[in-house]
Amino acid sequence: MGKFGCLLLFGMEILILLLAVAPPPGVEAWGKEGHYSTCKIAEPLLSKEASEAVRKLLPKYAEGDLASLCSWPDQMRFRFHWASPLHYINTPDNQCGYDYERDCHDEHGVKGVCLEGAIKNYTSQLETYGSRATGGKYNLTQALLFLSHFMGDVHEPLHVGFTSDEGGNTIQLHWYKRKCNLHHVWDSFIIEKAMKEYYDNDLEVMIEAIQKNISDSWSDEVTTWEKCNGRELACPGSYADESIILACKWAYKDAKENSVLEDDYFLSRLPILEKQLARGGVRLAATLNRIFSSKEGYTRESEL
Ligand code: ADE
Ligand code: ZN
Ligand code: ZN
């Protein structure tokens, strides 16, 4: 979600000023902490080939750190207007399931223009890495950043949300004493509060705790997270289905217009959110590993 999703009411002037610079609705994403975490979790899980390809594709100033650029598509949202509908999927209200044919389209009904379509598209662009025939046709630096970003978004339960409330964006409620919308709670506030309460206000400490769970208590599940049907390189349809199910069971539950969300909500939802960050990281690494397995990669200056 953007930085303007929630407003502390200081005074009318500030409110008007903030509204004036707020982004248009419908372009909200995991906050930068969510994207950073997903990509940071993926980094050490990359194969040698995938790490090398990622390093070659990243701009030099990223110094090989994919996580530092995983929020780049959000920073570009004014320039890349066409990409707005790629950050989410809207499903019919209260159906709690996702169907590509029914749900993956933009607001004009153009098919494939949604989060699942975007992940598939950038995955197949990246598949051309190292091929002389198709090399140069796409900007693979951008493809890598979009894929890494969208793999985070598809694990934010409310990025696969109900159509009428735009994934919780139009549900106004209170997060403790703050007035905000439900979508922003999941994009940013749960992570921010967790950092403050348990992780010394340090995102790296929170990420380390999630990584420890991946190698200890969740280790049995990790192989199933990584798996994709058949020979697919990425399985965003299953991730989207998982997200809308979690959105129904946890995000929307007990969060209506004017609800006050406090400790009960925070404490029961945090484990869900942390696991989604873990799944996103593990699956991003698995996808990049499949894409770049046995690819040489021709050398070309990376560019954004
Ligand atoms: N805009 C409309 N629906 C949305 C969703 N589910 N997530 C983020 N932004 C949206
Ligand atoms: Zn996004
Ligand atoms: Zn969002």
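Some words on the packing of helix α7 (residues 140-153) against helix α12 (residues 263-291)
In step 1: For the pair α7 and α12, interaxial distance at closest approach is 9 Å and the crossing angle is 145 degrees. The handedness of the crossing between α7 and α12 comes out as right-handed. Contacts between α7 and α12 involve S148, M151 and G152 from the first element and G280, R283, L284 and T287 from the second.
In step 2: Of the residues belonging to the contact of α7 with α12, the class tally is two nonpolar, four polar and one charged.

Looking at helix α8 (residues 182-198)
In step 1: With 17 residues, α8 extends 22 Å between its outermost C-alpha atoms, agreeing within 8% with the 24 Å of an ideal straight helix rising 1.5 Å per residue.
In step 2: Residues of α8 that are buried: L182, H183, H184, V185, W186, D187, S188, F189, I190, I191 and A194.

Some points on the confidence of the model for the protein chain
In step 1: Of the residues in the protein chain, 87% reach a pLDDT of 70 or more, and the chain-wide mean stands at 90.
In step 2: Counting contacts from residues 1-27, a segment whose pLDDT is below 50, to residues more than four positions away or on other chains yields 36 contacts.

What about the environment of D65?
In step 1: You can see D65 is positioned in the loop between α3 (48-57) and α4 (72-75).
In step 2: As for D65 and E43, which are separated by 22 residues in sequence, their C-alpha atoms are 8.0 Å apart.

Here's the deal with the packing of helix α6 (residues 115-126) against α7
In step 1: Relative to each other, α6 and α7 sit at 145 degrees, their axes nearing to 9 Å. Of the two possible hands of crossing, α6 and α7 adopt the one that is left-handed. Contacts from L115, A118, I119, Y122, T123, Q125 and L126 in α6 reach L140, A143, L144, F146, L147, F150, M151 and D153 in α7.
In step 2: Its residues assigned to classes, the contact of α6 with α7 shows twelve nonpolar, two polar and one charged.

Remarks on the environment of L115
In step 1: On the secondary structure map, L115 appears in helix α6.
In step 2: Residues L115 and Y88, 27 residues apart in the sequence, show an inter-C-alpha distance of 5.0 Å.
In step 3: Setting aside chain neighbours within four positions, we find L115 in contact with L86, H87, Y88, I89, F150, D153, V154, H159, P236 and A240.

Some points on α7
In step 1: In a regular helix each residue adds 1.5 Å, so 14 residues correspond to 20 Å; α7 covers 20 Å between its end C-alpha atoms and thus fits that length.
In step 2: With 13 of 14 residues buried, α7 is to be regarded as a mostly interior element.

Section: the pairing of strand β3 (residues 172-175)
In step 1: Burial of β3 is one-sided: the residues L173 and W175 facing one way are buried, the residues Q172 and H174 facing the other way are not.
In step 2: Bridge count for β3 against strand β4 (residues 178-181) is four bridges, and the pairing is antiparallel. Along β4, the bridge assignment pairs Q172 with N181.
In step 3: Between β3 and β4, which pair antiparallel one after the other, the connecting turn spans two residues, and Y176 there sits at a positive phi close to 50 degrees.
In step 4: Of the pairings in the sheet, the one linking β3 to strand β5 (residues 260-261) comprises two bridges and is parallel in character. Looking across to β5, one finds that H174 is bridged to V260.

Describing the sheet that holds β3
In step 1: Strand order in the open sheet formed by three strands is β4-β3-β5, and the pairing between neighbours is mixed. Each edge of the sheet is formed by a strand with only one pairing partner; in this case those strands are β4 and β5.
In step 2: Taken strand by strand, α8 contacts β3, β4 and β5, and its axis lies near 100 degrees from that of β4.

Focus on the nonpolar core
In step 1: If you look at the biggest cluster of nonpolar residues, it comprises 76 residues, and the most contacted ones within it are V54, L115, I119, L147, F150 and A251.
In step 2: Broken down by element, the residue count for this core peaks at ten residues, all from α12.
In step 3: Here I119 is in contact with L147, F150, M151, V154, A234 and P236, once residues within four sequence places are set aside.

Reading the values: rules and limits
Chains are numbered independently. Their residues run from 1 in the order of the written sequence. As a convention, the first chain written is A and the first ligand written is 1, with the rest following in written order. Confidence filtering applies because this is a predicted model: local features only for residues at pLDDT of at least 70, side-chain atom pairs given and counted only at 80 or more, and all residues used for totals across whole chains, interfaces and linings. Only the stretch in contact is used when a helix axis is fitted, and all axes are lines through C-alpha atoms; the angle between N-to-C directions ranges over 0 to 180 degrees. Strands here are runs of E lasting at least two residues and helices are runs of H or I lasting at least four, both read from the DSSP assignment and numbered beginning at the N terminus. For a crossing to be left-handed, the near helix must be turned anticlockwise from the far one by less than a right angle; the clockwise case is right-handed. Two residues qualify as a contact pair if the distance between their C-beta atoms, derived from the backbone, is within 7 Å. Just so you know the grouping, Ala, Val, Leu, Ile, Met, Phe, Trp, Tyr, Cys and Pro go in nonpolar, Asp, Glu, Lys and Arg go in charged, and all remaining residues, Gly too, go in polar. Take the number of residues in a helix, subtract one, and multiply by 1.5 Å to get its expected span. The exposure scheme places C-beta atoms from the backbone and then counts, for each residue, the other C-beta atoms within 10 Å of its own, assigning buried at 20 or more, exposed at 12 or fewer, and partly exposed in between. Looking at any residue, its pLDDT shows the predictor's confidence there, from 0 to 100. Two strands pair under a simple rule: DSSP has to find at least two bridges between them. Note on terminology: a nonpolar core is any set of buried Ala, Val, Leu, Ile, Met, Phe, Trp, Tyr and Cys residues joined through C-beta atoms within 7 Å.

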